[in-house]
Amino acid sequence: MNPDQGAIEKIAQLLAGSRRAIAFTGAGISTESGIADFRSPGGIWSRYQPVLFQDFLDSEEARRRYWKMKREGYHELKMARPNDGHRALARLEASGKIIAIITQNIDGLHQDAGSRRVLELHGTGRYCICLSCSKRFSPDEIQARLEAGEEIPVCSHCGGLVKSATISFGQSLPADVLAEAFDLSMSTDLVLALGSSLVVEPAASIPLQAKNNGARLVIINNAETPLDRLADVVVHRAIGSTLSQVLNHLEGV
Ligand code: CNA
């Protein structure tokens, strides 16, 4: 028998008894789709230094470093497809078992899997934007320009700085999305925190606030997190297979 069988059954029971469950996802839900996370061994921070937003604005060297990193990560993001974890969440939403996903991810894979209410706290890598005139560019176009030798793309309309529509460290999170996420944290009765190291703020406060407000907390993550000690159920295993088993239980397969 799977050593986590009891935990899987407990998660299925919690979902069955919940009325306003939400999922809170981090980079770990997409590693099984081939996208590296930040903090695992071999993750992005072991290969690159993050570029802070202010440095991006102030320093040509920082912008060059930023675009080198984006250029090298482009194919990983472009080729990625939803995995069992993304698909399980889409099914949970379709069957009314969760009402929303709050994600720190920028890869768009929840939407590709069919999830409808997805709150992207850290923006999206699905387009780039001019920081001056807000003109949008497709990442494909920007990648073609980078591969053609441009090191720092600028806006073809106004000459402003172009950046991925993702939120960098030091950049404000979208206020409307953040407000909606914190509202959900106050009204939910169950949070599934999936594949997040739960250390990046303010995002990590969302499951904590929900728990402090009386919601149940389930954590599925293959490494320990600072909220493990508060959680009602913790599973230290891969998300895809764990959520698939939870679904099987719920659907009585
Ligand atoms: P993180 O800090 O990199 O943590 C990821 C966590 O997931 C770690 O604790 C891992 O141990 C765990 N993990 C990795 N793979 C699995 C798996 N298959 N099953 C279970 N657990 C796993 O990532 P967070 O999301 O907590 O940090 C927030 C950053 C990461 C946000 O700013 C994101 O925008 C950013 N990010 C996003 C992506 C993406 O969109 N896919 C990729 C890389 C980084």
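Above this text sits the structure in question.
Residues numbered from 1 in each chain as written. Predicted model: local features only at pLDDT ≥ 70, side-chain atom pairs only at ≥ 80, totals over all residues. Heavy atoms only, no water.

1. Side note on the site of the ligand
Basically, it comes down to this: Consider each residue's heavy atoms; a residue with any of them within 4 Å of a molecule or strand counts as near. Polar contact is the term for a pair of N or O atoms within 3.5 Å; when the atoms are in protein, one must be able to donate a hydrogen and the other to accept it, and sequence-neighboring residues count only if both atoms are side-chain atoms. Per-residue and other accessible areas were derived by the Shrake-Rupley procedure at a 1.4 Å probe size, with only the shown protein chains allowed to occlude residues. Just so you know the grouping, Ala, Val, Leu, Ile, Met, Phe, Trp, Tyr, Cys and Pro go in nonpolar, Asp, Glu, Lys and Arg go in charged, and all remaining residues, Gly too, go in polar.
The local shell around the ligand holds 29 residues, among which Arg 39, Gln 104, Asp 107, Ser 197 and Asn 222 are the closest. At 2.6 Å from an oxygen atom of the ligand is found a main-chain nitrogen or oxygen belonging to Gln 104. The fraction of the free accessible surface of the ligand (860 Å²) that becomes covered by protein chains is 94%. Residue composition of the shell around the ligand, by class: 11 nonpolar, 13 polar and five charged.

2. Quick word on the sheet that holds strand β5 (residues 136-137)
Stated formally: Strands are treated as partners if at least two bridges between them are detected by DSSP. Put simply, DSSP H or I for four residues or longer makes a helix, DSSP E for two residues or longer makes a strand, and each gets a number counted from the N terminus. The contact rule is simple, with two residues in contact once any of their heavy atoms fall within 4.5 Å. Fitting a line to C-alpha atoms yields each axis, with helices limited to the stretch in contact; the angle taken between N-to-C directions then spans 0 to 180 degrees.
As summarised here, the arrangement of the three strands in space is β5-β4-β6, forming an open sheet in which the pairing is antiparallel. Only two strands of the sheet have a single partner each, and these edge strands are β5 and β6 (162-166). Pairing of strand β4 (residues 123-130) with β6, which is carried by four bridges, proceeds in the antiparallel orientation. From the neighbouring strand, Ile 129 faces β6, where its bridge partner is Lys 163. Running over the sheet, helix α3 (residues 60-79) touches β4 and β6 and is turned about 55° from β6. Sitting on the sheet, helix α6 (residues 139-147) touches β4, β5 and β6, and the angle it makes with β4 is about 65°.

3. Looking at the environment of Ala 100
If you trace the backbone, Ala 100 turns up in strand β2 (residues 100-103). Leaving out residues up to four positions away in the same chain, Ala 100 has contacts with Ala 21, Ile 22, Ala 23, Arg 117 and Leu 184.

4. Topic: the pairing of strand β8 (residues 216-220)
Put simply, the test is: Categorising residues by exposure relies on relative accessible area from a 1.4 Å probe, with only protein chains included: less than 20% of the type maximum marks a residue as buried, more than 50% marks it as exposed, and the intermediate range marks it as partly exposed. Classification remark: right-handed applies to a crossover when, strands pointing away from the viewer, the course from the first strand over the helix to the second runs clockwise.
The element β8 is extensively covered by neighbouring structure, given that four of its five residues are classed as buried. Regarding the hand of the β-α-β motif, the stretch spanning strand β7 (residues 190-194), helix α8 (residues 205-212) and β8 is right-handed.

5. With respect to the pattern of salt bridges
The condition is simple: For this analysis, a salt bridge means a side-chain nitrogen from Lys or Arg found within 4 Å of a carboxyl oxygen belonging to Asp or Glu.
Scanning the model with the defined rule gives 13 salt bridges in all. Arg 237 serves as the salt-bridge partner of Asp 4, at 3.8 Å between the closest nitrogen and oxygen. With Asp 4 in the segment before α1 (5-17) and Arg 237 in the loop between β9 (233-235) and α9 (239-250), the pair connects residues that are 233 residues apart, well separated along the chain. The pair Asp 4 / Arg 237 is uniform in exposure class, with both members buried. Overlapping salt bridges, with partners in common, bring together Glu 60, Arg 64 and Glu 151 in one network.

6. Some words on the side chain of Thr 188
Along the chain, the position of Thr 188 falls in the loop between α7 (175-187) and β7. The class for Thr 188 is buried, based on a relative accessible area of 6%. At a separation of 3.0 Å, a polar atom in the side chain of Thr 188 contacts the main-chain carbonyl oxygen of Leu 190. Apart from residues lying up to four places away in sequence, Thr 188 is in contact with Arg 20, Ala 21, Ile 22, Ala 210 and Ala 215.

7. Quick look at unusual backbone geometry
A cis amide bond links Glu 201 to the next residue, Pro 202, at an omega of 5°. Following the sequence through the fold, Pro 202 ends up in the loop between β7 and α8. Phi at Ser 134 is positive, roughly 65°, even though this residue is not glycine. Within the secondary structure, Ser 134 is located in the loop between β4 and β5.

8. Looking at the nonpolar core
Put simply, the rule reads: We call a set of buried residues a nonpolar core when its members are Ala, Val, Leu, Ile, Met, Phe, Trp, Tyr or Cys and they connect through side-chain atoms within 4.5 Å of each other.
One finds Ile 11, Leu 15, Leu 89 and Leu 194 to be the most contacted residues of the largest nonpolar core, which totals 25 residues. When residues of this core are traced back to their parent elements, those giving at least two are α1, β1 (21-25), α4 (84-94), β7, β8, β9 and α9. With six residues, α1 is the single largest residue contributor to this core. In this structure Leu 89 touches Ala 23, Thr 25, Ile 29, Ile 98, Ile 101, His 110, Ser 115, Leu 194 and Leu 243, once residues within four positions along its chain are discounted.

9. With respect to the packing of α7 against α8
Counted only if it meets this: Working definition: roughly parallel below 35 degrees, roughly antiparallel above 145 degrees, roughly perpendicular at 65 to 115 degrees, and oblique for all remaining angles. In this scheme the crossing of two helices becomes right-handed for a clockwise turn of the near helix relative to the far one and left-handed for an anticlockwise turn of less than a right angle.
α8 packs onto α7 with a crossing angle of 30° between their chain directions and a minimal axis gap of 7 Å. The angle between the axes of α7 and α8 places the two elements in the roughly parallel class. Our pair here, α7 against α8, has a crossing hand that is right-handed. Touching Ala 181, Phe 182, Ser 185 and Met 186 of α7 are Ser 205, Ile 206, Gln 209 and Ala 210, all from α8. Looking at the contact of α7 with α8 residue by residue, the classes come out as five nonpolar, three polar and no charged.

Purely geometric stuff here, so don't read any function into it on its own.
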